[in-house]
Amino acid sequence: MHSDHHASSILRKCIALLHSCATSIHKLQQIHAFSIRHGVPLNNPDLGKHLLFTIVSLAAPMSYAHKIFNQIHNPNIFTWNTMIRGYAESENPKPAMDIHRSMRLFAVEPDTHTYPFLLKAIAKLIAVREGEEVHSVTVKNGFGSLVFVQNSLVHMYAACGRAESAHKLFDEMSDRNLVTWNSVINGFVLNGRPNETLTLYREMVGEGMEPDGFTLVSLLTACAELGALALAKRVHSYMFKVGLAENLHAANALLDLYAKTGNIVEAQKVFKEMKENSVVSWTTLIVGLAMNGFGVEAINLFKEMEMKQLRPSEITFVGVLYACSHCGMVDEGFTYLKRMKEEFGIEPRIEHHGCIVDLLGRSGLIQRAYEYIINMPLQPNAVIWRTLLGACTIHKHSDLAEVARAQLIQLEPKHSGDYVLLSNLYASERRWLDVSKVRKTMLQQGIQKSPGHSLVELGNRVLQFTMGDMSHPQSDDIYAKLTEITKLLRLEGYVPHVANVLADIEEEEKETALSFHSEKIAIAFMLINAPSGAPITVVKNLRVCADCHLAIKLISKVYKREIVVRDRSRFHHFKDGSCTCKDYW
C-alpha cells in the first residue's frame with residue numbers, strides 16, 4: 001500500500017517537473033532518468049504521454065520519442081496524436097502516416113486533433129493521393145465540417161499544387177477564419193497565381209477580415225511576381241499603421257519585394273530600418289543587389305555580414321557568386337566557392353555550380369566553362385547547359401553551342417528558348433541555312449516560341465501587353481507614341497537589330513515586327529500615362545531581345561527616364577543610355 005502511494009507520489013512529481021522544469025532536452029532526460037531510478041514503470045501511460053508531449057514541444061529527436069512510445073501500454077488518442085504531431089513538425093514527416101495506420105489497426109478512434117496533424121505531414125510530403133483519402137474519411141466520420149480540419153485540408157491541397165481544389169473547398173466553407181483566408185491566399189502564391197492572390201485579398205478585406213503578418217507575406221510575394229510596386233507601397237504603409245513593420249517575416253518579405261521589383265534604394269532603406277537583421281534579411285539584400293546588377297555592393301554587404309559574425313547560408317553564397325559573375329571576378333568567385341565548402345561546410349548545390357558557369361561564360365572563358373561542367377561532381381541539369389548556350393551565343397562560340405544544344409535536346413527537347421538562342425547565334429554569323437534548319441526542326445517537333453508578354457502597373461491596376469497588342473482602348477495613342485520613339489531613337493543613331501528576327505520577311509517588315517515587341521508597347525503606354533519623369537518598371541516573361549535592349553537604353557536617355565526591366569534571366573536597370581547588365585544577358 002505504502003509502495004503504491006510512493007510510486008504515485010513520484011509519478012505526480014515527475015509530471016510536475018515535466019511541466020515546470022523541462023526547458024531543454026538535457027533537463028528532460030534528467031527527469032526521465034529520475035523517474036526510472038525511483039521505480040516509475042517505463043510503460044506507464046500517464047508518464048509516457050507527458051514525456052512524449054514534452055519531447056515534441058522541445059523538438060527533441062523523434063527517435064527518442066519513438067523509443068518511449070513503443071514502451072507505453074495501451075496508449076490513448078492523446079499519445080497517438082502527439083506522435084503524429086511530432087513527426088509532422090519534424091524534417092522527416094513520413095512516419096506520421098505510418099503511426100496513423102498503426103493507430104487505425106489498433107482500432108483507436110481519431111479525435112478532432114488527429115487530422116490537422118496528419119494533414120500537416122501530408123502537405124509536407126506533397127502526398128496528394130493520401131490527402132484525398134483523408135479528406136474522404138473526414139467527410140464520412142463527420143470531422144470534415146470542423147473549421148480547423150477544413151483549414152488543414154485547404155492548406156494540404158495548396159501545398160500539393162492543387163490551388164483549384166483548395167479554392168473549391170474554401171468556397172464551400174460556411175465558417176471561415178483568418179487561417180482559412182491565409183491558407184487559400186498562400187495556396188495561389190505557392191502555385192504561381194499572383195492575380196488570384198490579389199483578388200482574394202480584396203475579397204478578404206471586403207468581408208471585414210483584418211490581415212496579419214502571414215497575409216502580408218503572401219500579398220507581398222504576389223506583388224513581387226507582378227511587379228505591383230504601388231500596391232506594395234500601400235501594404236508597406238499599412239504595416240506601419242498596424243505595427244507589423246517590426247514583424248521579421250513581413251519585413252523580410254517587404255525587403256524581397258523591393259529587391260524583386262528593382263527598387264534597391266527602398267530595399268536598403270527597409271534593411272536599415274529593421275530592428276533585427278536575420279541571416280535571411282542579409283541574404284535577401286545580398287541576392288537582391290546581385291540580381292539587380294550591383295555586384296560590388298553585394299560583395300561589400302557580404303563582408304559586412306561576416307564582420308557581424310553571422311553565418312551565411314547556401315542561398316547567401318548564391319548571391320555572392322552571382323555578384324562575382326556580374327563583376328567579372330573569376331578568381332574571387334572560385335575563392336568564395338572554396339571558402340563555402342572548407343570554412344562553412346556547405347556542399348555546393350547545382351545553383352552554385354550554375355553561378356560558376358555563368359561567371360566563366362560572362363568572362364568569355366567558354367572552353368573553361370565547358371570543362372567545369374564536364375568535371376562537376378553533380379549531374380549538370382538543363383539550366384547549366386542553357387547558361388553555357390547563352391554564353392556561346394553572346395561570345396559567338398558555335399562549336400560548343402552545338403554541344404550544349406545536344407545535351408539540352410536530351411534533357412528538355414521541347415524548350416523553345418534553346419532553339420531561339422541557337423538560331424540567334426546562327427543568324428548573327430549569317431548562317432541562314434542553319435537558321436532555316438532550326439525553324440524546320442521546331443515546326444516538325446511542334447515546338448512554338450512562348451508568346452511574350454510584359455506587365456506594368458498604373459494606379460491600382462497591373463496591365464498586360466503582348467506583341468502587336470491592339471486590345472487596349474489607347475492603342476492608337478500607343479502606336480503613335482511608338483512611331484515617335486522610333487524617329488527620336490534614329491536621331492540618336494539607332495538601327496534596328498534585325499538579325500535575330502526568326503522569320504522569312506523583308507528587312508522593313510522585320511523592323512516593324514521588332515517595334516511591336518511587348519516591352520516597347522508597355523513602355524510607350526507608360527510614357528503616355530505615368531507622371532513625367534517617374535521611373536518605369538516592366539516585368540517580362542521572356543528574355544529581352546537584343547533590339548529591345550538597345551532601344552530601351554536609348555529611350556532612357558532621350559526621355560530622361562529610369563526604366564527597370566525584369567526579364568526571365570535577370571534585372572536590367574536602364575539610365576542615361578546604359579544598363580547595369582553591361583550588355584551581357
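Structure shown above.
In this text, all values refer to a predicted model and were calculated from it rather than measured experimentally.

K.L.:
Teacher, can you tell me more about the sheet that holds strand E5 (residues 571-575) here?
P.N.:
Remark on secondary structure: sheet strands pair via backbone hydrogen bonds, oriented parallel or antiparallel. Taken together, the six strands give an open sheet; going across it, the order is E2-E1-E3-E4-E5-E6, and neighbouring strands pair in mixed fashion. Looking at the sheet topology across the chains shown, the edges are occupied by strand E2 (461-466) and strand E6 (578-579). When strand E1 (residues 453-458) meets strand E3 (residues 536-540), the two strands line up antiparallel, connected through two bridges. Residue Leu455 lies in a different strand from E3, and its bridge partner there is Val539. Its contacts with the sheet put helix H30 (residues 546-558) on strand E4 (563-566), E5 and E6, and the angle it makes with E5 is roughly 40°.

K.L.:
Would you mind going over unusual backbone geometry with me for this structure?
P.N.:
Phi is mostly negative for residues that are not glycine, and the peptide bonds are mostly trans. At Lys396, a residue that is not glycine, the phi angle is positive and equals roughly 55°. As for its placement among the helices and strands, Lys396 is situated in the loop between helix H23 (382-394) and helix H24 (398-411). In this structure, Lys560 is a non-glycine residue whose phi angle is positive, near 50°. Looking at the element boundaries, Lys560 is found in the loop between H30 and E4.

K.L.:
I tried to follow the pattern of salt bridges on my own but got confused; where do I start?
P.N.:
Any two side chains of opposite charge can pair, so long as their charged atoms come close to each other. This structure, assessed with the given rule, holds 21 salt bridges. We note a salt bridge from Arg193 to Glu164, for which the minimum N-O separation is 2.4 Å. Here Arg193 is found in the loop between helix H11 (178-190) and helix H12 (194-206), whereas its partner Glu164 is found in helix H10 (residues 163-172), with 29 residues between them in sequence. For Arg362, the salt bridge is made with Asp358, and the minimal N-O distance between the two is 3.9 Å. Placement of the pair is Arg362 and Asp358 together in helix H21 (residues 350-362), with a separation of four residues, close to one helical turn. Relative accessible area serves as the criterion here: at 12%, Arg362 is assigned to the buried category. In this structure Asp358 comes out as buried when scored by relative accessible area, which is 8%.

K.L.:
How should the packing of helix H9 (residues 147-159) against H10 be read in this particular structure?
P.N.:
Packed helices, taken two at a time, are described by their axes: the angle between them and the distance between them. At a minimum axis separation of 7 Å, H9 and H10 run at an interaxial angle of 160°. Compared by their axis directions, H9 and H10 come out roughly antiparallel. For the crossing formed where H9 meets H10, the hand is left-handed. Contacts between H9 and H10 involve Gln150, Leu153, Val154, Tyr157 and Ala158 from the former and Ala163, Ser165, Ala166, Leu169 and Phe170 from the latter. In terms of residue class, the contact of H9 with H10 is made up of eight nonpolar, two polar and no charged.

K.L.:
What exactly am I supposed to notice about the pairing of E3 here?
P.N.:
Consecutive residues of a regular strand have side chains that alternate between opposite faces of the sheet. Most of E3 sits out of view: four of its five residues are buried. In terms of strand pairing, E3 meets E4 through four bridges, oriented parallel. In the strand pairing of E4, Val538 is matched with Val565. For the crossover that starts at E3, traverses H30 and ends in the parallel E4, the hand is right-handed.

K.L.:
What exactly am I supposed to notice about the packing of aromatic side chains here?
P.N.:
For any two aromatic rings, the description comes down to two numbers: the centre-to-centre distance and the angle of the planes. Applying the stated criterion to the full structure yields twelve aromatic pairs. For the ring pair Phe334 and Tyr372, a centre distance of 6.0 Å and an interplane angle of 75° mean the geometry is edge-to-face. A residue pair is termed long-range when its members are at least 10 positions apart, and Phe334 in helix H20 (residues 330-342) and Tyr372 in helix H22 (residues 366-374) qualify at 38 residues. Residue classification places Phe334 among the partly exposed positions, given a relative accessible area of 24%. Taking the relative accessible area as the measure of exposure, Tyr372 reaches 16% and is therefore buried. Here a set of aromatic residues connected by ring pairs shows up, and it is made of Phe302, Phe317, Tyr336 and Phe344. The aromatic ring of Phe170 is capped on one face by Arg176, whose charged end is 4.1 Å from the ring centroid.

K.L.:
What's the story with the environment of Ser578 in this structure? I'm lost.
P.N.:
Within the secondary structure layout, Ser578 lies in strand E6. Overall, Ser578 belongs to the partly exposed group, its relative accessible area being 41%. Each C-alpha atom, one on Ser578 and one on Lys553, is 5.4 Å from the other, the two residues being 25 residues apart in sequence. If we ignore the near neighbours within four places in the chain, the residues touching Ser578 are Lys553, Ser556 and His573.

About the cut-offs
Per chain, residues are indexed from 1 in the order of the written sequence. Under the rules for a predicted model, residues below a pLDDT of 70 receive no local features and side-chain atom pairs below 80 are neither given nor counted, while totals for whole chains, interfaces and linings still include all residues. Side-chain numbers come from the whole structure's heavy atoms, not from hydrogens or water. Two strands form a pair only when DSSP identifies at least two bridges running between them. Secondary structure elements follow DSSP: runs of H or I no shorter than four residues count as helices, runs of E no shorter than two count as strands, and numbering proceeds from the N terminus. Only heavy atoms matter for contacts: two residues are in contact if any of them lie within 4.5 Å across the pair. The axes used here are C-alpha line fits, helices contributing only the stretch in contact, and every angle between their N-to-C directions lies in the interval 0 to 180 degrees. Should a side-chain nitrogen of Lys or Arg be within 4 Å of a carboxyl oxygen of Asp or Glu, the pair is scored as a salt bridge. Accessibility here uses a 1.4 Å probe with only protein chains present; expressed as a share of the type maximum, an area under 20% marks a residue as buried, one over 50% as exposed, and anything in between as partly exposed. Under this scheme an angle from 65 to 115 degrees is roughly perpendicular, one under 35 degrees roughly parallel, and one over 145 degrees roughly antiparallel; angles in between are oblique. Here a crossing is called left-handed whenever its near helix is offset anticlockwise from the far helix by less than a right angle, and right-handed whenever the offset is clockwise. Each residue is assigned to one class: nonpolar for Ala, Val, Leu, Ile, Met, Phe, Trp, Tyr, Cys and Pro, charged for Asp, Glu, Lys and Arg, and polar for all the others, Gly among them. Classification remark: right-handed applies to a crossover when, strands pointing away from the viewer, the course from the first strand over the helix to the second runs clockwise. Only Phe, Tyr and Trp rings are paired, with Trp represented by its six-membered ring, and only when their centres lie within 6.5 Å; those with planes under 30 degrees apart are stacked, over 60 edge-to-face, the remainder tilted. By the criterion adopted, a ring carries a charge over it if an Arg CZ or a Lys NZ lies within 6 Å of its centre and within 35 degrees of its normal.

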